[in-house]
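What follows is each chain in one-letter form.
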Amino acid sequence: MYLLYLSIGLLVGVLVGFMGVGGGVILIPAMVYILRMDQHMAQGTSLFMQLPPLGLGALLMYRKKGQVDLKEGVICALGILAGGYFGSKMAIGISSRDLREMFGLFMIVAAVLLWHKPKPRESRGRQNEFTRAASLNPRGG
Amino acid sequence: MNSHVRRLLILVVARIVGVASGLFGVGGGTLLVPLLVLVLGFDQHVAQGTSLVALVPPTGLLAFLNYASAGKVNWTVGLWIMPGVFFGAMAGAHFAEELSSRILRRAVAVLLLAIGIWEASTALRK
């Protein structure tokens, strides 16, 4: 059984590094379908696993290529911390089944958002400032 | 957009991401990556790298405490899955490097869409 947990972790990890996400998106379905956990338990366990910085190794690899905006990442962390408090309060009052439907819809919305790349709204100079780090990587952009 | 407005906008975006993070038990990267690209004009690789920075501090801590006090955490499974995620993530990051920003963005979108449809449809069938 522990071997199963380890291999789920490894598989999820590959996707974490590939997608630049914390892992919950993949971990939760894996725990619900493979380990037969209920949705709330899977979400709580997912948050538990994300307490230590599991993406740190992956982050260092992005960093080496200059594909990280450190300051803006930290600002994001602050907002997420506060928002997470309210979101979890909401989740605990929702039934496991409804929560799973909403989780699925949430991912579909995220996918649709991601598919469309908007035309840059910023002036050229400003845009360059954001993407300067990326251009250090010959394959980026 | 001056830098103060931009920072405020980032904070608002992150706050929205945080609510989703607590609600769905995810780290927030799922929503943060598309929003960084769409709202703030990040390149895909930089958005993913920056998302990983935002997930280094335990941003889910408050949400986690709420789940833990409701008894909704499986500690054993959690501890055993962790090491795999750490090492797997480094392999995944290496793989992402090989793709262009555009292909990477689409690949991530397709993965999310597939999992999302699977989740929603199986939940509806029960």
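Quick caveat, the model's predicted, so the values are computed rather than measured.

(A) Geometry of the overall build of chain B. Looking only at helices and strands, chain B features 6 helices and 0 strands. Taken from N to C terminus, the helices and strands of chain B fall in the order α-α-α-α-α-α. Counting only residues that meet the buried cut, chain B has 57% of its 126 residues in that class. Taking the intrachain contacts of chain B between residues at least 6 apart in sequence as the baseline, contacts between residues at least 24 apart amount to 43%.

(B) The arrangement of the overall build of chain A in detail. The helix and strand tally for chain A stands at 7 helices and 0 strands. The burial tally for chain A puts 53% of its 141 residues in the buried class. Here the contacts in chain A between residues at least 6 apart in sequence split such that 50% fall between residues at least 24 apart.

(C) Expanded view of the packing of helix H5 (residues 70-92) of chain A against helix H1 (residues 3-24) of chain B. With their axes 5 Å apart at the nearest point, H5(A) and H1(B) run at an angle of 35° to one another. As H5(A) runs across H1(B), the sense of the crossing is right-handed. Of the residues that constitute the contact of H5(A) with H1(B), the class distribution is 19 nonpolar, 8 polar and 3 charged.

(D) Here's a closer look at the packing of helix H2 (residues 24-33) of chain A against helix H3 (residues 39-49) of chain A. Residues and elements named next belong to chain A. At a closest axis distance of 9 Å, the pairing of H2 and H3 adopts a crossing angle of 140°. Classified by the interaxial angle, the pair formed by H2 and H3 is oblique. Crossing of H2 against H3: the hand is right-handed. Only Gln39, Ala42, Gln43, Thr45, Ser46 and Met49 of H3 make contact with H2, whose side of the interface consists of Gly24, Leu27, Ile28, Met31 and Val32.

(E) Representation of the interface of chain B and chain A. Counting residues at the interface gives 96 residues for chain B and 105 residues for chain A. Of all the secondary-structure elements, those providing two or more residues to the side of chain B that touches chain A are H1, helix H2 (29-38), helix H3 (44-54), helix H4 (61-69), helix H5 (75-97) and helix H6 (101-125) of chain B. Ranked by the residues each element gives to the side of chain B that touches chain A, the list is headed by H5(B), at 20 residues. Partitioning the side of chain B that touches chain A into residue classes produces 61 nonpolar, 26 polar and 9 charged.

(F) Broad picture of the nonpolar core. Within the largest apolar cluster, 83 residues are counted, with the highest numbers of intra-cluster contacts made by A:Ala58, B:Val85 and B:Leu112. The element that contributes the greatest number of residues to this core is H5(B), accounting for 9 residues. When neighbours within four sequence positions are excluded, A:Ala58 is seen to be in contact with A:Val16, A:Gly17, B:Leu52, B:Ala89, B:Met90, B:Gly92 and B:Ala93.

(G) Structural view of the confidence of the model for chain B. The share of residues in chain B with pLDDT of 70 or more is 97%, and the mean pLDDT across the chain is 80. In the predicted assembly, ipTM is 0.73 and pTM is 0.69.

(H) Just the environment of B:Leu61, in detail. With respect to the helices, strands and loops of the structure, B:Leu61 is situated in helix H4. Note: C-alpha distance between B:Leu61 and B:Gly22 (39 residues apart in sequence) is 9.4 Å. Once residues within four sequence positions are removed from consideration, B:Leu61 is found in contact with A:Leu51 and A:Leu81.

(I) Summary view of unusual backbone geometry. Here the phi dihedral of A:Arg36 falls at roughly 60°; this positive angle occurs in a residue that is not glycine. Within the secondary structure, A:Arg36 is located in the loop between H2 and H3.

(J) Looking closely at the confidence of the model for chain A. Residue and element names in this part refer to chain A. Scored by pLDDT, chain A has a mean of 72; 79% of the residues are at 70 or more. Put simply, helix H7 (residues 124-135) is where chain A has its lowest mean pLDDT, 42, and H3 is where it has its highest, 83. Scored below 50 in pLDDT, residues 121-141 shows 35 contacts in the model against residues more than four places distant or in partner chains.

About the criteria used
- Numbering of residues starts from 1 in every chain and runs along the sequence as written.
- All chains are assigned letters beginning at A, and all ligands numbers beginning at 1, according to the order in which they are written.
- In keeping with the predicted nature of the model, local features appear solely for residues at pLDDT of at least 70, side-chain atom pairs appear and are counted solely at 80 or more, and the whole-chain, interface and lining totals rest on all residues.
- Secondary structure follows DSSP: runs of H or I at least 4 residues long count as helices, runs of E at least 2 residues long count as strands, and numbering of each begins at the N terminus.
- Once C-beta atoms are placed from the backbone, each residue is buried if 20 or more other C-beta atoms lie within 10 Å of its own, exposed if 12 or fewer, and partly exposed for counts between those two.
- Throughout, a residue-residue contact means that the two C-beta atoms, derived from backbone geometry, are no farther apart than 7 Å.
- Note on geometry: axes are C-alpha line fits, over the in-contact stretch for helices, and angles between N-to-C directions span 0 to 180 degrees.
- Here is the rule for handedness: rotate from the far helix to the near one, and if that takes an anticlockwise turn smaller than a right angle the crossing is left-handed, while a clockwise turn gives right-handed.
- Amino acid classes used here: Ala, Val, Leu, Ile, Met, Phe, Trp, Tyr, Cys and Pro are nonpolar; Asp, Glu, Lys and Arg are charged; the rest, including Gly, are polar.
- An angle below 35 degrees is treated as roughly parallel, one above 145 as roughly antiparallel, one from 65 to 115 as roughly perpendicular, and anything else as oblique.
- Linking buried Ala, Val, Leu, Ile, Met, Phe, Trp, Tyr and Cys residues through C-beta atoms within 7 Å yields a set, and such a set is a nonpolar core.
- One number per residue, pLDDT, summarises how confident the predictor is, and it ranges from 0 to 100.

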